[in-house]
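Architecture and fold: a report
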Amino acid sequence: MSQQREIKINVPVLARVEGEGALDLAIRDGCIEELKLRIYEPPRLFEKFLEGHGHQDLLDMVARICGICPVAYQMTAVHGLEELFGVDPGPWVRDMRRVMYCGEWIQSHSLHIHLLAAPDFFGYNSAMELAREYPAVVRRGLMLQTLGNDLIAMFGARSVHPVGLRVGGFFKAPDPEAVEAMCQRLEEAVTVAADLVHWCVGLKIPENNQQFTSVALRHPDEYAIYDGRIGSSVGLDIPVEEFGQHFQEFQVPQSTAFHTHLNGRPYLVGPLARLNLSKWQLPEPVLENLELTGVHFPSSNMFRSVIARAVEIHFAIYEALRLLSEYRVPESPAVEFEPKAGTVYCASEAPRGMLWHSYGIDDEGKVRWAQIVPPTSQNQGRIEEDLGQSLLHCGLEQEDDVLRLHAEQVIRNYDPCISCATHFLKLDVTRR
Amino acid sequence: MSEQARPKVAVHKFSSCDGCQLALLNMGDDLLALSQLVDIVHFAEAGPVDEEQEVDIALVEGSISTPEDIERINGIRQRSKYLISIGACATSGGLQALRNMADTDNWVRSVYPRPDYLSVLDQSSPIADLVQVDLELWGCPVNSGQVIAALRDLLSGVTPRVDVQPVCMECKRQGVVCVMVSRNEPCMGQITRAGCGALCPSHGRGCYACYGPAEQVNSRAVSEHFIEIEVPVEEIRVKFGSINSNAPAFKRARDS
């Protein structure tokens, strides 16, 4: 293909991501002239219409930002509100919220590995096609996904936009019989998840090492999910309220989702970033299983994020089982509280990475203003940076279809949730 | 069934949280069974991408909120024999239709420093405002049972029926103690469409109307009762003006 020839290709839609986006790529004389991840998911203006709503409405509304990670949104907000109101719901509530959050990690990661990412490695367009050749692989994914969903529903009645959380605790504690049945399923799934880690290591994972900064919450006593301090692979260690002093949100023309930089540079959030920072906090059996694969973390290869997800599924199942093993029904699933006015800063680890919220709350507990920074908007800059390097590494002289597939795979490594960030990928390649 | 005889299905997304597509992706093994019964030609989140194909059944998630959406939905309607709108966004305009009551320009300006980069309509509209819809599945989110039931009916050549009774009927059938009678908990279940399985009342909280209005909405009686149990008027308005604020029955109630 002559590089002098001007070619314009329009490949409509990146499939297997959550939402609508496109990629503009212009190549001139064998160099990348322009590379833009375009996100055109229509803005829904959530931050605006939360204003004036009470604390329970807030929990029910923020869930609707994302159908795939509603628990993350609810947990972040509920925890922040409780800190502001000075209410401590106690260890039972904290543990059970961690279990519910594990449910979301399990379902979201399983969906991503099997339905969204795996077809790439076998040359199929969808998990339905993959299932014709490898039914057991897809069934395993669907089983784990269902397990995660059922874990969420045990506390929230349904897995998409659950209804069980309230400021002070839960509306209802699960019945011991339901918990017992769940523990049996989790026990069976621990082995399945351990095997999944090995299966992911066995995928044809490209070698592609890049320099980037990993950012995640860190907690002194546990692999952080629910709360912690913001840490990075280059020494950042700040409380969540100082986010704005180090991270900058800005708008770019090609996206309805804000970009975020850390001290002027793109950075990574998500499973790989978490594993890079907090691997040592994984429970012994999860670490041992990972050691057996011979794959080491920290890793600077984004393609290993699929392994990181499998490790986190293994961890989340193990953790949920641990926390549920001595389950008892509390006297009350929630504690009383009085709303207070003030500013809320809160963050938690959504399946796709750190999710940061801030709210101004009035003395009736109503929202005066809201600011929400989802993981995918934080990863946009890193995705663009990665694409530039990965496409060069792949070789720009490659056929458009090869470039497109590679670009899609790079983007899928981040499991972008564009509904969240505000979502399809079109690839426009212009060669001049 | 031969490859050619399988009905073609497409799943489309407009402005939404993707949660209703999960009614399909969260089906477990049924998803594989479905993929053998029908030919899923377009479902971007699951992989197949071919929006231009003519299909027998189109499932549409999301509300219409940009100028481009209008053109797209008209095309989809032309190419689809039977169109089902799924979820609150597609049936009522969704939570984002709260902006229909506000000055959208002003809202965009206060969220985005460069509003000129965006193109959005003043209104977030349900699909049926733009094109003819053959079946509406309400709910935020719709569940797998609703979607499977509708597809099963269509595949068997039966016109799908949807439950338009209120959530109260589901509580009665399940033997759930009424949260309003027993605890004075304001509950929208009396005027909210069944389909969820009375999840909130069975968890001890009042229904918040995520399934939209039932067939007969006596909003006046409900509001009067809420006032009796000392729910502030402003909060009663919010109860009608939330996820399905743009549904006509709720809109009237809120404005009255």
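Here the structure is a predicted model, which means the values were calculated and not measured.

Rules used in this analysis
Residues numbered from 1 in each chain as written. Chains lettered and ligands numbered in written order. Predicted model: local features only at pLDDT ≥ 70, side-chain atom pairs only at ≥ 80, totals over all residues. Heavy atoms only, no water. Helix = DSSP H or I, 4+ residues; strand = E, 2+ residues; numbered from the N terminus. Rg over C-alpha atoms; globule rule 2.2 N^0.38 Å. Buried < 20%, exposed > 50% of the residue type's maximum accessible area, 1.4 Å probe, protein only. Areas by Shrake-Rupley, 256 points an atom, 1.4 Å probe, with all protein chains shown as cover. Lys, Arg positive; Asp, Glu negative; His and termini not counted. Charge placed at Lys NZ, Arg CZ, Asp CG, Glu CD. Domains from an automatic or database assignment. Axes fitted to C-alpha atoms, helices over the stretch in contact; angles between N-to-C directions. Left-handed = near helix turned anticlockwise from the far one by under 90°. Contact = heavy atoms within 4.5 Å. Nonpolar A, V, L, I, M, F, W, Y, C, P; charged D, E, K, R; others polar. Buried area = accessible area lost by both parts, 1.4 Å probe. Salt bridge = Lys/Arg side-chain N within 4 Å of Asp/Glu carboxyl O. Polar contact = N/O pair within 3.5 Å; in protein donor to acceptor, adjacent residues only side chain to side chain. Pairing = 2+ DSSP bridges. Right-handed = clockwise from strand over helix to strand, strands pointing away. Core = buried A, V, L, I, M, F, W, Y, C linked by side-chain atoms within 4.5 Å. Parallel < 35°, antiparallel > 145°, perpendicular 65-115°, else oblique. Phe/Tyr/Trp six-rings, centres within 6.5 Å; stacked < 30°, edge-to-face > 60°.

Considering the overall build of chain A
- Each helix and strand counted, chain A has 14 helices and 14 strands in total.
- The C-alpha radius of gyration computed for chain A amounts to 21 Å, which stays within 12% of the reference 22 Å derived for 432 residues, consistent with globular compactness.
- If you line up chain A on its principal axes, its C-alpha atoms span 75 × 45 × 40 Å.
- Residues counted as buried form 70% of the 432 residues belonging to chain A.
- Here chain A has roughly 14700 Å² of accessible surface; of this, 48% comes from carbon and sulfur atoms.
- Each charge class in chain A was averaged separately, 39 positive and 58 negative side chains, and the resulting centres sit 5 Å apart.

Things to note about the domain arrangement of chain A
- Structurally, chain A comprises domain 1 (6-39) and domain 2 (46-421).
- Placing the centre of domain 1 of chain A and that of domain 2 of chain A at their C-alpha centroids yields a distance of 27 Å.

Some remarks on the packing of helix H6 (residues 135-156) of chain A against helix H7 (residues 176-201) of chain A
Residue and element names in this part refer to chain A.
- The N-to-C vectors of H6 and H7 enclose an angle of 140°; their axes lie 10 Å apart at closest approach. Relative to H7, the crossing made by H6 is left-handed. Judged by residue contacts, Val137, Arg140, Met143, Leu144, Thr146, Leu147, Asp150, Leu151 and Met154 of H6 engage Ala178, Val179, Met182, Arg185, Leu186, Ala189, Val192, Leu196 and Trp199 from H7.
- Residues belonging to the contact of H6 with H7 are distributed by class as follows: 14 nonpolar, one polar and three charged.

Quick notes on the domain arrangement of chain B
Residue and element names in this part refer to chain B.
- Partitioning chain B into domains gives domain 1 (8-155) and domain 2 (167-255).
- Listed by partner, the interface residues are 17 residues for domain 1 and 15 residues for domain 2.
- Buried area between domain 1 and domain 2, both sides added, is near 1100 Å², and the carbon and sulfur share of it is 52%.
- Applying the counting criterion to the domain 1 and domain 2 interface returns zero salt bridges.
- Across the domain 1-domain 2 interface, the total number found is nine residue pairs in polar contact (both at pLDDT 80 or more).
- Here the residues of the side of domain 1 that touches domain 2 sort into ten nonpolar, seven polar and no charged.

Examining the pairing of strand S3 (residues 55-61) of chain B
Residue and element names in this part refer to chain B.
- Counting buried positions along S3 gives six out of seven residues, so the element sits mostly inside the fold.
- Alignment of strand S1 (residues 8-13) against S3, held across five bridges, turns out to be parallel. From the neighbouring strand, Lys13 faces S3, where its bridge partner is Glu61.
- Bridge analysis of S3 against strand S4 (residues 80-86) gives six bridges, and the strand direction is parallel. Pairing of Val60 across the sheet is with Ser85, part of S4.
- Read from S3 through helix H3 (residues 67-79) to S4, the crossover connection turns out right-handed.

With respect to the sheet that holds strand S6 (residues 215-218) of chain A
All names here are of chain A.
- In spatial order, the strands read S6-S7-S8; together these three strands make up an open sheet with antiparallel pairing. The sheet terminates laterally at S6 and strand S8 (237-238), the two strands that pair on one side only.
- Examined bridge by bridge, strand S7 (residues 229-232) and S8 share two bridges and lie antiparallel to one another. The residue bridging Ile230 from the neighbouring strand is Ile238, located in S8.
- Each of S6 and S7 is contacted by helix H9 (residues 271-278), which is oriented at about 55° to S6, the strand it contacts most.

Concerning the nonpolar core
- In terms of nonpolar packing, the biggest core is built from 168 residues, with Ile317(A), Leu324(A) and Tyr359(A) touching the most fellow members.
- In terms of residue count, helix H4 (residues 90-122) of chain A provides more of this core than any other element does, 15 residues in total.
- Excluding residues within four positions of it along the chain, Ile317(A) makes contact with Ile106(A), Leu144(A), Leu147(A), Leu186(A), Ala189(A), Val190(A) and Ala193(A).
- Counting 19 residues, the second-largest nonpolar core is a separate cluster that includes Cys171(B), Phe226(B), Val231(B) and Ile236(B).

Quick look at the pattern of salt bridges
- Enumeration according to the criterion identifies 35 salt bridges over all chains in this entry.
- Across the salt bridge formed by Asp134(B) and Arg77(B), the nearest N and O atoms sit 3.1 Å from each other. Of the two residues, Asp134(B) is situated in the loop between helix H5 (104-111) and strand S5 (135-137) and Arg77(B) in helix H3; the sequence distance between them amounts to 57 residues.
- The class for Asp134(B) is partly exposed, based on a relative accessible area of 28%.
- Linked by salt bridges that have partners in common, Arg94(A), Arg98(A), Glu222(A), Asp227(A), Glu319(A) and Arg322(A) make up one network.

Remarks on the packing of H4(A) against helix H13 (residues 400-413) of chain A
All names here are of chain A.
- Two elements in contact, H4 and H13, have axes separated by 10 Å at closest approach and are oriented at 150°. Our classification of the angle between H4 and H13 gives roughly antiparallel. Between H4 and H13 lies a crossing of left-handed hand. Contacts between H4 and H13 pair His112, Leu116, Asp120 and Phe121 from the former with Leu405, Gln409 and Arg412 from the latter.
- Each residue belonging to the contact of H4 with H13 can be placed in one class, and the counts come to three nonpolar, two polar and two charged.

Focus on the sheet that holds strand S13 (residues 367-373) of chain A
Residue and element names in this part refer to chain A.
- Read from one edge of the open sheet, three strands run S11-S12-S13, paired in antiparallel fashion. Each edge of the open sheet carries a strand with a single partner, namely strand S11 (342-350) and S13. Within this sheet the neighbouring strands show an average axis-to-axis angle of 15°, counted without direction.
- Here strand S12 (residues 353-361) pairs with S13 via six bridges, running antiparallel. Residue pairing in the sheet places Ser358 in a bridge with Gln371 of S13.
- Sitting on the sheet, helix H3 (residues 70-85) touches S11, S12 and S13, and the angle it makes with S11 is about 145°.

With respect to the packing of aromatic side chains
All names here are of chain A.
- A full pass over the atoms with the stated rule returns 15 aromatic pairs over all chains.
- On the numbers, 6.0 Å between centres and 20° between planes, the contact of Phe122 with Trp199 is stacked. Of this pair, Phe122 sits in helix H4 while Trp199 is found in helix H7, placing the two residues 77 residues apart along the sequence.
- The class of Phe122 is partly exposed, set by a relative accessible area of 28%.

Comments concerning the side chain of Thr192(B)
Residue and element names in this part refer to chain B.
- As for its placement among the helices and strands, Thr192 is situated in the loop between helix H8 (179-183) and helix H9 (199-202).
- Here Thr192 falls in the buried class, since its relative accessible area comes to 1%.
- Non-local contacts of Thr192, meaning those with residues more than four positions away in its chain, are made with Gln165, Pro166, Val167, Cys207, Ala209, Cys210, Tyr211, Gly212, Ala214 and Phe250.

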